[in-house]
Amino acid sequence: MRKIATFLAVVAGMLLMTGLAEAAPRTYEISRTWSLQNVNGSPTIVPRIQDDYVEVRCKRADQVDDYSVSNQDFVAWEGVTTNGRAVQVQPDFQEFGQRLTLTVTCRRV
């Protein structure tokens, strides 16, 4: 009797865990915003960027599913990295105070 009860508990646990795993969302979004500011009399993108590109990267080994930018007028170049895990955008701000938001939808692998 004890073996049967243990077996049923294990089977119920497996079914419950399968249901929880399937309930987890397959995608998630990451969003970051940059703006052109006057810092000590010099135009500076805040937060600071490297190599003239802003980047939003998916977590772990997750892959980019889709992405969008808030204003195409502020974009000189955009693209997904070769490994498919991040999106890079080269901003083209014209005036102080302009903001660019990059939103990436990532797919869990």
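Overview of the structure. (Residues numbered from 1 in each chain as written. Predicted model: local features only at pLDDT ≥ 70, side-chain atom pairs only at ≥ 80, totals over all residues. Heavy atoms only, no water.)

### Brief notes about the overall build of the protein chain
Consideration 1: Tallying secondary structure elements over the protein chain gives one helix and seven strands in all.
Consideration 2: When the elements of the protein chain are put in sequence order from the N terminus, they spell out α-β-β-β-β-β-β-β.
Consideration 3: For the protein chain, the residues scored as buried account for 28% of the 109 residues in total.
Consideration 4: Carbon and sulfur atoms provide 52% of the accessible area of the protein chain, an area that totals close to 7,700 Å². (Helix = DSSP H or I, 4+ residues; strand = E, 2+ residues; numbered from the N terminus. Buried < 20%, exposed > 50% of the residue type's maximum accessible area, 1.4 Å probe, protein only. Areas by Shrake-Rupley, 256 points an atom, 1.4 Å probe, with all protein chains shown as cover.)

### Quick word on the pattern of salt bridges
Close approach of charged atoms allows side chains of opposite charge to pair.
Consideration 1: If you walk through the whole model with that rule in mind, you get three salt bridges.
Consideration 2: Ionic pairing is found between Asp-62 and Arg-60, a salt bridge with its closest N-O pair at 3.7 Å.
Consideration 3: The exposure class assigned to Asp-62 is buried, which follows from its relative accessible area of 3%.
Consideration 4: According to the relative accessible area criterion, Arg-60 is exposed, its value standing at 56%.
Consideration 5: Its salt-bridge partner being Arg-107, residue Asp-65 comes within 3.7 Å of it at the nearest N-O pair. Residue Asp-65 is found in strand β4 (residues 63–69), and its partner Arg-107 is found in strand β7 (residues 99–107); the two are separated by 42 residues along the sequence. (Salt bridge = Lys/Arg side-chain N within 4 Å of Asp/Glu carboxyl O.)

### Focus: the sheet that holds strand β6 (residues 86–91)
Consideration 1: Pairing within the open sheet is antiparallel, and its three strands lie in the order β3-β6-β5. Each end of this open sheet is capped by a strand with a single partner; those strands are β3 (54–57) and β5 (75–80). Here the average twist between neighbouring strands, direction ignored, is 15 degrees.
Consideration 2: Of the pairings in the sheet, the one linking β5 to β6 comprises five bridges and is antiparallel in character. Note on β6: the bridge partner recorded for Val-80 is Val-87. (Pairing = 2+ DSSP bridges. Axes fitted to C-alpha atoms, helices over the stretch in contact; angles between N-to-C directions.)

### Concerning the nonpolar core
Consideration 1: Judged by nonpolar contacts, the single largest core of 19 residues is most densely connected at Val-89, Leu-100, Leu-102 and Val-104.
Consideration 2: When contributions to this core are tallied by element, the ones reaching two or more residues are β1 (27–39), β3, β4, β6 and β7.
Consideration 3: Sequence-distant contacts of Leu-102, that is, excluding residues within four places in its chain, are made with Ile-30, Ser-31, Arg-32, Trp-34, Val-56, Tyr-67, Ser-68, Val-69, Val-87 and Val-89. (Core = buried A, V, L, I, M, F, W, Y, C linked by side-chain atoms within 4.5 Å. Contact = heavy atoms within 4.5 Å.)

All quantities given are derived from atomic positions and should not be read as evidence of function.
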